[in-house]
Amino acid sequence: MPIEKITVPDIGDFDSVPVIEIHVAVGDTVSAEDPLVTLESDKAAMDVPSPKSGIVKALHVGVGDKVGEGAALLDLDLQEEAGAPSVAHRPEGESVPSGAKAQGDVHAQLVVLGAGPGGYTAAFRAADLGMDVVLLERWPMLGGVCLNVGCIPSKALLHAAKVIDKASEMKDHGISFGQPSVDIDALRGWKDSVVSKLVGGLSGLAKARKVKVIHGKAEFEGSTAIRVTAEDGSTQTVTFDKAVIAAGSEPVELPFIPHDDPRVMDSTGALELADIPKRMLVLGGGIIGLEMATVYEALGAQITVVELLDGLMAGADPDLVKPWQKRMAPKFENIFLKTKVTNVTAMDTGLKVDFEGPDGTFTDVFDRILVSVGRIPNGKKIKAEAAGVAVDERGFIATDKQMRTNVPTIFAIGDIVGQPMLAHKAVHEAKVAAEVAAGHKSAFDAKVIPSVAYTDPEVAWVGLTETDARKQGRKIGKGVFPWAASGRSLANGRDEGITKVIFDPETNRILGAGIVGSSAGDLISEAVLAIEMGADAEDIALSIHPHPTLSETVAMATEMYDGTITDLMPPKRK
Ligand SMILES: Cc1cc2nc3c(=O)[nH]c(=O)nc-3n(C[C@H](O)[C@H](O)[C@H](O)COP(=O)(O)OP(=O)(O)OC[C@H]3O[C@@H](n4cnc5c(N)ncnc54)[C@H](O)[C@@H]3O)c2cc1C
């Protein structure tokens, strides 16, 4: 019975690295290439695969041990290998589907569950790296929430809202267009055509890359198999070497709200644009609720926003929300802060809503309600437990920096792995997962993820906020440039904006930024790049920005910080 000592292979420039995970226990049978342990350097995590098949007889390392090249990891009994199925990294008590790989109707090197921005990106990147990929999607179209019922349709409608507002504002500049007449069917049709164009493009891209798309509800049957149930009830099993979970999230429902009443909408319902209600309640003052409130207000609805917290757009500094509120509050019927909705009753005449606010309880009746109180991940709906993938109570799946779940051959990305639930985060995580699955050394090491509310004005922020700095007791320096001093914003007739850049006062390096104003969502990218590049105040202020542009405000806010501003009086040095 030859016992072979399995040792740490060449680990490059490192003398020793910690063991962060052990995938086998004494007595486990492993096949060649099954992962035995995961080592982590400051650059990447690396699995040590078994060089041969056999049975683990002894383990010589534990999690947290530091090991160098040649260190003993475990003893493998090579004689007892024949015909044994692989159980490496199998969670206790879980049975591997017998012969799943052989029996699957379809087999893929990589299967991706969910075709949202995370899923289709992972599938396409992996295919480009040479993997044979199957993409599973329960909806008839690709693109997930973002393309079908999220980012894209909402931005199409926000564009229409902006044009209505701009046209109306032009009367102050001597140009009148008269009252807009809204053909809701045509507007809906245009929004749908934008979505169709993008979604159709995705199908073409999948075909061009030879990514096989299977439509149906996917559920894990084990750590190497997924069952897909099509709409007609037929099923097929897809077996895989590796998988990426990208099943996204869904709107939260509240128990005291009659969600089955068609007048109660979630964001998907609101985007359907069934009609323009006379009075609409937006329950939840986050980004999605306020974007939809902007659309419906421009189309003629009287909007009330109710929010439990003491401010809107949680996460953004209050000084950035203020200009938005100053502009929009007079357009809305009401904004109730620190107010709870305690009950909604469906009546023939409307939806009766009970509120509980700082001044007591009150009641009102609305034609429609948009419930936008957050989104819940779909982790509990894919039978992840059958694969041994850990899902927390809320439905999130934890991953490491390589987007691996606790099962090293199964990755997870996008909304299902945690906040912020944003498409651009999903896309970047997807590329990492695909690259790691294809054997590349990748890790998700973005320093910051920007957030944008595409309201009017837009509000965008990235990195450290003033609110967070205060909570952390961290000293910061800041430069604030009011757009009232920007030639471009004055020429645009919209000078309510602010650009704020936050610096480390010791090193002058940029730590964060916040912008409120037209196109803030586009402008914030400069701050993202500056943070990623470790830029300091001089780097930003001395980069020549074109004049007259809104992008100049980023440089000017920085000049406010370092005292070199000439377009305004520099702030007094403390
Ligand atoms: C109204 C609205 C506006 C938004 N605007 C923005 C924005 O402007 N910018 C931004 O960055 N983000 C925005 N978001 C958030 C963004 O849409 C999500 O962060 C993004 O879609 C997450 O991508 P994902 O790939 O993780 O999941 P999703 O897009 O949710 O995709 C998951 C996919 O998995 C499929 N799926 C789920 N379960 C199964 C199963 N069992 N079998 C088969 N398929 C399954 C789903 O059908 C879906 O297609 C918005 C969201 C909403 C609701």
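Source: prediction; values computed, not measured.

Chemist: I'm lost on the site of the ligand in this one. Help?
Modeler: In the vicinity of the ligand, 37 residues are found, and the nearest of them are Gly114, Gly116, Gly144, Gly248 and Gly414. Among the elements of the structure, α2 (117-128), β10 (133-137), α3 (144-149), α4 (151-169), β12 (217-222) and α9 (423-437) are those that each provide at least two residues to the shell around the ligand.

Chemist: How do you make sense of the domain arrangement of the protein chain when you look at a structure like this?
Modeler: Quite often, the size of an interface is put as the accessible area lost when its parts meet. In terms of domains, the protein chain is made up of domain 1 (3-88), domain 2 (106-250 + 377-437), domain 3 (264-373) and domain 4 (457-562). The C-alpha-based centres of domain 2 and domain 3 are spaced at 27 Å. Taken residue by residue, the interface counts twelve residues in domain 2 and 13 residues in domain 3. Sort the elements by how many residues they give to the side of domain 2 that touches domain 3 and α4 lands first, with seven residues.

Chemist: Got a minute to help me understand α9 in this structure?
Modeler: Counting along an α-helix, one turn takes 3.6 residues, and residues three or four places apart therefore face a common direction. Between the first and last C-alpha of α9 there are 21 Å, a value that for 15 residues agrees with the 21 Å anticipated at 1.5 Å per step. Of all 15 residues making up α9, twelve are buried, and the element is well covered by its neighbours. Those residues of α9 that sit buried are Ala423, Lys425, Ala426, Glu429, Ala430, Lys431, Val432, Ala433, Ala434, Glu435, Val436 and Ala437. Looking at the packing, one finds that the buried side of α9 touches β9 (106-113), α2, α3, α4, β14 (235-245) and β25 (410-412). Positive phi shows up at Gly439, right after α9, with a value of about 95°.

Chemist: Explanation requested: unusual backbone geometry in the structure shown.
Modeler: In most cases, non-glycine residues show a negative phi, while peptide bonds are predominantly trans. Geometrically, the link from Gln419 to Pro420 is a cis peptide bond, its omega value of -10° lying close to zero. Along the chain, Pro420 turns up in the loop between β25 and α9. Going from His547 to Pro548, the amide bond is cis rather than trans, its omega being -5°. You can see Pro548 is positioned in the loop between α13 (537-541) and α14 (552-562). Residue Asn508 is not a glycine yet carries a positive backbone phi of 65°. Considering the arrangement of structural elements, one finds Asn508 in the loop between β29 (498-503) and β30 (510-517).

Chemist: What is the right way to read the packing of α4 against helix α5 (residues 184-208) from this model?
Modeler: Think of two packed helices as two axes; the pair is described by the angle between the axes and how far apart they sit. Look at α4 against α5: their axes get within 9 Å of each other, and the N-to-C directions meet at 140°. Viewed along their axes, α4 and α5 adopt a mutual orientation that is oblique. The handedness of the crossing between α4 and α5 is right-handed. Two secondary-structure elements touch here, α4 through Ile152, Pro153, Ala156, Leu157 and Ala160 and α5 through Leu187, Trp190, Lys191, Val194, Val195 and Leu198.

Conventions used here
Residues numbered from 1 in each chain as written. Predicted model: local features only at pLDDT ≥ 70, side-chain atom pairs only at ≥ 80, totals over all residues. Near = placed C-beta within 6 Å. Helix = DSSP H or I, 4+ residues; strand = E, 2+ residues; numbered from the N terminus. Domains from an automatic or database assignment. Contact = placed C-beta atoms within 7 Å. Expected span 1.5 Å × (residues − 1). Buried ≥ 20, exposed ≤ 12 C-beta atoms within 10 Å, placed from the backbone. Axes fitted to C-alpha atoms, helices over the stretch in contact; angles between N-to-C directions. Parallel < 35°, antiparallel > 145°, perpendicular 65-115°, else oblique. Left-handed = near helix turned anticlockwise from the far one by under 90°.

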